[in-house]
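# Tertiary structure, described
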Amino acid sequence: MLYAFICEDTPNSLELRKQTRDAHLARLKVLNDQGRLLLAGPNPAIDNEDPGEAGFTGSLLIAEFPSLENAQHWADDEPYLAAGVYASVTVKPFKKVLP
């Protein structure tokens, strides 16, 4: 089943995000290589694809996992969460309808 990961950043966490980005992307690459990643990306803090020093307010990820428990366990091991970039990660079942 698909699961949505709604991640909220800690205020002023851009530098932590930059420092931890490689570890974060490595985990996403594994999901992608396994064909389990539907989409992933950050939420810019301003209405611009490159927010510069304004940074980000969070991220959205949708990926396939065998169960909500497995998805939550994966989320709990997120490098951005451990580093303090994410203040919270909410995991919810997701049903893709379109496209």
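In this report, the structure presented in the accompanying data block is examined.

What counts, and at which threshold
Residues numbered from 1 in each chain as written. Predicted model: local features only at pLDDT ≥ 70, side-chain atom pairs only at ≥ 80, totals over all residues. Heavy atoms only, no water. Salt bridge = Lys/Arg side-chain N within 4 Å of Asp/Glu carboxyl O. Buried < 20%, exposed > 50% of the residue type's maximum accessible area, 1.4 Å probe, protein only. Helix = DSSP H or I, 4+ residues; strand = E, 2+ residues; numbered from the N terminus.

Applying the stated criterion to the full structure yields five salt bridges. Here Arg 17 and Asp 9 are joined by a salt bridge, their closest N and O atoms 2.9 Å apart. The two residues Arg 17 and Asp 9 agree in class, both being buried. For the salt bridge of Glu 15 with Lys 18, the shortest nitrogen-to-oxygen distance reads 3.5 Å. Taken as a pair, Glu 15 and Lys 18 lie in helix H1 (residues 14–33) at a separation of three residues, close to a single helical turn. Judged by relative accessible area, which is 45%, Glu 15 ranks as partly exposed. When its relative accessible area of 45% is taken as the criterion, Lys 18 is described as partly exposed. The network of salt bridges with shared partners includes Glu 15, Lys 18 and Glu 53.

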